[in-house]
Structure formats: C-alpha cells, structure tokens
Amino acid sequence: VEGHLGQRPLFEELPGASDDELFTEEEMVDLRHGFLQTAYAERAAFAVEVPFSIVLDGLVLKGRIDAVYRDGDRWEMVDWKTNVAATADPMQLAIYRHAWSRSMNVPATDIDGVFVYVRTSEVVRFCDLPDISEVSLSDEADPR
C-alpha cells in the first residue's frame, strides 16, 4: 500500500521494523495482491499519513491517518489493516474523523471511516461513527 501510494514506509522510523522484517515474502505478495483487488488501488488519495494531535479525556493523542480520499462533498478516512482477523475498533475511526474535521474545518457528518483488511480485500465502511464525545479513554489509559 505504501509503495502504491508513493509514501515513505510507515515503520521506517522504528529501528529494525522494515517491512522485510515484519512480513515474510509470501505475506508481502498476499498483501499486495489483496490491496490491488480493492477499489483503492485505482483511486488517488487526497492525503496520506496525515499526522494529527487531539486532546481526549485530558490526554494528548497523536497519530497518523493512513489515507484520506475525497468523493464529491464527502471525505473517506482509510485505515489499512494487515492483520488476519477483522477485529478493528471503529472508535479509532471516530478519533480520526474528529481530527480531520477539526483540521479541515468540515462537519464530521461529511466524513466516513473505512477499514481495509488488505489480506482479504475486505472493505468495512462506517458512515455513522460515534461522535467524539462518546469516545472515552478513561478505562484504558492511566494518566499517571
């Protein structure tokens, strides 16, 4: 996906975390094939690896949105998933939607979230993500 979108490797800043070390050659072939079976292989991204920083429950969350696409008046935030099981949490996309809404000054209701499970080419779209006020980290993070 990174090579297709012309972006730098996602894990290049981590010592010893190149794609060659994260995935076997066979897995890399499967991932590439899976991605090429999705509609995103033919679309141009509006932005890739968009950094963000937001405050949630008194904690500063920093991250990167893998890719953002524009379709007319709507935005799509895409998170590439390379894991085998389709178990991603849509709350992640709710956080991304809030960050994109604030950075672009667009209504959150104009933004959809998408998980693309690259191994299987499965696309899971969320048009009705929770509002950021419904996202809480208090049970998962200890501010100490």
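Structure's up top.
Figured I'd write up the structure that's included with this text. (Residues numbered from 1 in each chain as written. Predicted model: local features only at pLDDT ≥ 70, side-chain atom pairs only at ≥ 80, totals over all residues. Heavy atoms only, no water.)

1. Describing the packing of aromatic side chains
Then, number 1: Applying the stated criterion across every chain yields a total of 9 aromatic pairs.
Then, number 2: Consider the rings of F35 and W80, whose centres lie 5.4 Å apart with planes at 85 degrees: the pair is edge-to-face. Of this pair, F35 sits in helix 3 (residues 25–36) while W80 sits in strand 3 (residues 74–81), placing them 45 residues apart in sequence.
Then, number 3: Plain terms: the ring middles of F46 and W100 are 6.1 Å apart, the flat faces sit at 85 degrees to each other, and that makes the pair edge-to-face. With F46 in the loop between helix 3 and strand 1 (47–56) and W100 in helix 4 (residues 90–104), this residue pair connects regions lying 54 residues apart in the sequence.
Then, number 4: Among the residues examined, W100 registers a relative accessible area of 3% and is labelled buried.
Then, number 5: An aromatic cluster of three or more residues is present, and its members are F35, Y40, Y69 and W80. (Phe/Tyr/Trp six-rings, centres within 6.5 Å; stacked < 30°, edge-to-face > 60°. Helix = DSSP H or I, 4+ residues; strand = E, 2+ residues; numbered from the N terminus. Buried < 20%, exposed > 50% of the residue type's maximum accessible area, 1.4 Å probe, protein only.)

2. Some remarks on the sheet that holds strand 3
The strands that make up a sheet are held in pairs by hydrogen bonds between backbone atoms, and each pair lies either parallel or antiparallel.
Then, number 1: An order of 1-2-3-4-5 is seen for the 5 strands of this open sheet, with the pairing classed as mixed. Taken across any chain shown, the strands that pair with only one partner, and hence form the sheet edges, are strand 1 and strand 5 (122–126). Between one strand axis and the next, the sheet turns through 35 degrees on average, direction left out of account.
Then, number 2: Of the strands in this sheet, strand 1, strand 2 (59–71), strand 3, strand 4 (111–117) and strand 5 are in contact with helix 4, which crosses strand 3 at around 135 degrees. (Pairing = 2+ DSSP bridges. Axes fitted to C-alpha atoms, helices over the stretch in contact; angles between N-to-C directions. Contact = heavy atoms within 4.5 Å.)

3. Observations regarding the environment of I132
Then, number 1: With respect to the element layout, I132 can be found in the segment after strand 5.
Then, number 2: The exposure class assigned to I132 is buried, which follows from its relative accessible area of 17%.
Then, number 3: The sequence separation of I132 and L93 amounts to 39 residues, and the corresponding C-alpha distance is 10.0 Å.
Then, number 4: With sequence-adjacent residues up to four places away left out, I132 is seen in contact with I54, L56, A94, I95 and H98.

4. A short note on the nonpolar core
Then, number 1: F52, I65, V68, M77, I95 and W100 are the most contacted members of the largest nonpolar core, which has 22 residues in total.
Then, number 2: Here this core gets 6 residues from one element, more than from any other, and that element is helix 4.
Then, number 3: With residues near it in sequence (within four places) discarded, V68 still touches A45, F46, A47, V50, W75, E76, M77 and W100. (Core = buried A, V, L, I, M, F, W, Y, C linked by side-chain atoms within 4.5 Å.)

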